[in-house]
Amino acid sequence: MRETLAALADLTRAHFFFVWPLLFCSGLALAFENYGGFSWELIGRAALIGLLGFEAGLVLNDYVDREYDRRDINGSLTRYWRPVAGRPIPEGRISPRAAFAVFIALAGSAAALAATLPAPHNLYVLGIMGYSYLVEYFYQTKKRRQTLPLAQVIGRTDFALFPVAGYLVHGSPDATALLFFLFFYPWTLAHLAANDIADIANDRARGMATVPVLYGMEGAAAWTLGFSAVHAVTAFVFALTLGPVAIAGFAVGLILLGLANYIILRGKSPGAAMRALPLIHATVVVYAVAIIAAAAL
């Protein structure tokens, strides 16, 4: 039982569990501010949808790449993302069939909860959920054979839509939903490049055409900085619509992101990216808390 729980913890990146419902519910907080109708019950339901749905995506990621992950030669990023021992499927700690069953259970539970939302909000959330899993599969398979980073540009729309789905739990497609997407999407592309810089040895061993493999360390660092700069502009525009609390919180997040970019640009190495990743991930928590606080105050 202990080994099974450890494998599940690694499969779901369990130590990051609190981030997903927090980010999802930041969207819901904005919907409450715009449309009224605050409900603790709906918050609890949305938190579970966000948690179960995102965890399902993480498990799908491992399942699709299960054979390629056997080629890993560097465990630094794996240890960062997985709290116990590493990659449970290639290591034989959980079978592919069992991992796929976990994905179905998590995704099915999230979908069942989303279906209980009133129409058309249930259709909005279910539609984004289905799209996200399809795009995650596209991302995992497309990056194995590409000369342009289509996998990254298209694939990260799933993560960018995640908090938007939280907004649509209670809100409607509107200017706020669009601004949230435009704010978050450049961040997802900057984050992905930093993550891939840290994992470049494994991506080369797997034959994955990630940003640093395609463009080298200089190009990947420039990619991270460029999309961080675009994100800073969209963050400023989005924060202006949310008020002074969000402006202050976003400023903190952008300082962390700027420091992360400085570390990457100075080092241009996997080690530098590993040092920068916690700062990049901290920005998500800062943003989500700032958005919720701005909506609540």
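Here the structure is shown first, and the text comes after it.
To keep things clear, this report deals only with the structure shown in the data block. (Residues numbered from 1 in each chain as written. Predicted model: local features only at pLDDT ≥ 70, side-chain atom pairs only at ≥ 80, totals over all residues. Heavy atoms only, no water.)

### Some words on the packing of helix α9 (residues 175-198) against helix α11 (residues 211-242)
Running from N to C, α9 and α11 cross one another at 155°; their axes reach a closest spacing of 7 Å. With respect to α11, the element α9 is oriented roughly antiparallel. Helix-helix and strand crossings are classified by hand; for α9 and α11 the assignment is left-handed. Tallied by class, residues from the contact of α9 with α11 come to 22 nonpolar, six polar and one charged. (Axes fitted to C-alpha atoms, helices over the stretch in contact; angles between N-to-C directions. Helix = DSSP H or I, 4+ residues; strand = E, 2+ residues; numbered from the N terminus. Parallel < 35°, antiparallel > 145°, perpendicular 65-115°, else oblique. Left-handed = near helix turned anticlockwise from the far one by under 90°. Nonpolar A, V, L, I, M, F, W, Y, C, P; charged D, E, K, R; others polar.)

### Observations regarding α9
Taking 1.5 Å per residue as the helical rise, α9 with its 24 residues ought to reach 34 Å, and the 35 Å between its terminal C-alpha atoms agrees with that figure. The element α9 is extensively covered by neighbouring structure, given that 20 of its 24 residues are classed as buried. Sitting at the amino-terminal end of α9 is Asp 174, which places a side-chain oxygen 3.1 Å from the backbone nitrogen of Thr 176. (Expected span 1.5 Å × (residues − 1). Buried < 20%, exposed > 50% of the residue type's maximum accessible area, 1.4 Å probe, protein only. Polar contact = N/O pair within 3.5 Å; in protein donor to acceptor, adjacent residues only side chain to side chain.)

### Side note on the environment of Leu 279
Among the secondary structure elements, Leu 279 is positioned in helix α13 (residues 270-296). Taking the C-alpha atoms as reference points, Leu 279 and Gly 258, separated by 21 residues in sequence, lie 9.2 Å from one another. Residues contacting Leu 279, with those up to four places away along its chain left out, are Leu 256, Leu 259, Ala 260 and Ile 263. (Contact = heavy atoms within 4.5 Å.)

### Comments concerning the layout of surface pockets
Put simply, the largest pocket is a space of about 990 Å³. What lines the largest pocket is a set of 49 residues, among which Phe 54, Leu 58, Asn 61, Glu 136 and Arg 156 lie closest to the centre. Contributions of two or more residues to the lining of the largest pocket are made by α2 (19-35), α3 (40-64), α4 (76-81), α6 (121-142), α8 (157-168), α9, α10 (200-206) and α13. Sorting elements by how many residues they give to the lining of the largest pocket places α6 first, with eight residues. Within the lining of the largest pocket, the residues separate by chemical class into 25 nonpolar, eleven polar and 13 charged. The volume enclosed by the second largest pocket comes to roughly 180 Å³. Taken together, the elements giving at least two residues each to the lining of the second largest pocket come down to α2, α3 and α13. In terms of residue count, α2 provides more of the lining of the second largest pocket than any other element does, four residues in total. Class assignment of the residues belonging to the lining of the second largest pocket gives a composition of ten nonpolar, no polar and no charged. (1 Å grid on protein atoms, 1.4 Å probe; cavity = no way out; pocket = protein on both sides within 12 Å on 5 of 7 lines; lining within 4 Å. Points joined across faces, edges and corners; volume = space filled by probe spheres on them.)

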